[in-house]
Amino acid sequence: MREDVRILLVGEPKVGKTSLIMSLVSEEFPEEVPARAEEITIPADVTPERIPTHIIDYSASEQTDDELQDEINRANVVCVVYDVNKESTIKKIQSKWIPLVNGRTEKGNRIPVILVGNKSDLQGASSMETILPIMNQFMEIETCVECSAKNLKNISELFFYAQKAVLHPTAPLYNPEDKQ
Ligand code: GTP
Ligand code: MG
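Overview of the structure. (Residues numbered from 1 in each chain as written. Chains lettered and ligands numbered in written order. Predicted model: local features only at pLDDT ≥ 70, side-chain atom pairs only at ≥ 80, totals over all residues. Heavy atoms only, no water.)

### What about the nonpolar core?
Keep this limit in mind: Throughout this description, the term nonpolar core refers to a set of buried Ala, Val, Leu, Ile, Met, Phe, Trp, Tyr and Cys residues connected via side-chain atoms within 4.5 Å. For the exposure calls, accessible area comes from a 1.4 Å probe over protein chains only, and a residue counts as buried if that area is under 20% of its type's maximum, exposed if over 50%, partly exposed in between. Numbering of helices and strands runs from the N terminus, with a helix taken as a DSSP run of H or I at least four residues long and a strand as a DSSP run of E at least two residues long. When checking whether two residues touch, look at their non-hydrogen atoms; a contact exists if any pair is within 4.5 Å.
Membership of the largest hydrophobic core comes to 26 residues, with the highest contact counts inside it found for Leu-9, Leu-20 and Val-116. In terms of residues, this core owes the most to one element, helix α5 (residues 155-167), which gives six residues. With near-sequence residues (within four places) excluded, Leu-20 lies in contact with Leu-9, Val-81, Val-116, Asn-118, Cys-147, Ala-149, Ile-155, Leu-158 and Phe-159.

Here you go:
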């Protein structure tokens, strides 16, 4: 059986990765956050799946590309965070983050990915219309969730989905790439 789960948050600068982690831990929105949160470990008995869970932050201002790649290699699941109000942060899911996470991994070995649309408190329209084609393009995307670190919406859900993606991965019904 698996001993623990490592959840890594990545995404463009200022989308709210650190705020999401701090909101989860303190159950309130931190007005000021460091660039990168310390690694936190949630003890087994307070996680939904009863398994120790590590949450790891990433910040381009504090880490090199090599350090990022090391963290990706150690992660069991990667949350790609975007800002629901900023299309440029959504574009980078396809052009940068998914290739970085799984570009070099073998087909059967892909790291599960959760798409996390943060800042839903500032939201005009839902980002789902833009996100759905991306979900269809990449089989490793387990699910997507819109949330807000500010009003604490869907924060615990997001970490639950991440845990679940590792412990109970959903096997794809068929792999479109195998059909070609
Ligand atoms: P880097 O470490 O630079 O990559 O940024 P980050 O992704 O960790 O973002 P950070 O948590 O520092 O948040 C960036 C800004 O967005 C801060 O001013 C936060 O207060 C704000 N912010 C974060 N989450 C939310 C949210 O859910 N709603 C709103 N309105 N603002 C948010
Ligand atoms: Mg940060």
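We are not done yet, so read on.
### Considerations on the pattern of salt bridges
Selection criterion: What makes a salt bridge here is a side-chain nitrogen of Lys or Arg within 4 Å of a carboxyl oxygen of Asp or Glu, nothing more.
If you walk through the whole model with that rule in mind, you get six salt bridges. For Arg-6, the salt bridge is made with Glu-71, and the minimal N-O distance between the two is 3.2 Å. In this pair, Arg-6 is assigned in strand β1 (residues 5-11) and Glu-71 in helix α2 (residues 65-74), connecting sequence segments 65 residues apart. Here Arg-6 and Glu-71 have matching classes, each one buried.

### Structural notes on the environment of Ile-114
Here Ile-114 is to be found in strand β5 (residues 113-118). Take Ile-114: its relative accessible area is 0%, and that puts it in the buried class. Expressed as a C-alpha distance, the spacing of Ile-114 and Leu-20, which sit 94 residues apart in the sequence, is 14 Å. Other than its neighbours up to four places away in sequence, Ile-114 contacts Val-77, Val-78, Cys-79, Val-80, Glu-142, Thr-143, Val-145, Tyr-161, Ala-162 and Ala-165.

### Digging into the environment of Ile-21
On the secondary structure map, Ile-21 appears in helix α1 (residues 17-26). Linking Ile-21 and Asn-85, residues 64 residues apart in sequence, is a C-alpha distance of 20 Å. Contacts of Ile-21, omitting those with residues within four sequence positions, involve Leu-9, Ala-37, Ile-40, Ile-55, Ile-56 and Asp-57.

### What to know about the coordination of the magnesium ion (ligand 2)
To be explicit about the condition: Any N, O or S atom lying within 2.8 Å of the metal counts as a donor, and for Na, K and Ca the limit rises to 3.2 Å; water is left out, so some sites can look incomplete.
Those protein atoms acting as donors to the magnesium ion (ligand 2) are Thr-18 (OG1) and Ala-35 (O), and they sit at 2.0 to 2.1 Å. You can see Thr-18 sitting in helix α1 and its partner Ala-35 sitting in the loop between α1 and β2 (40-42), a full 17 residues away along the chain. For Thr-18, a relative accessible area of 7% gives the class buried.

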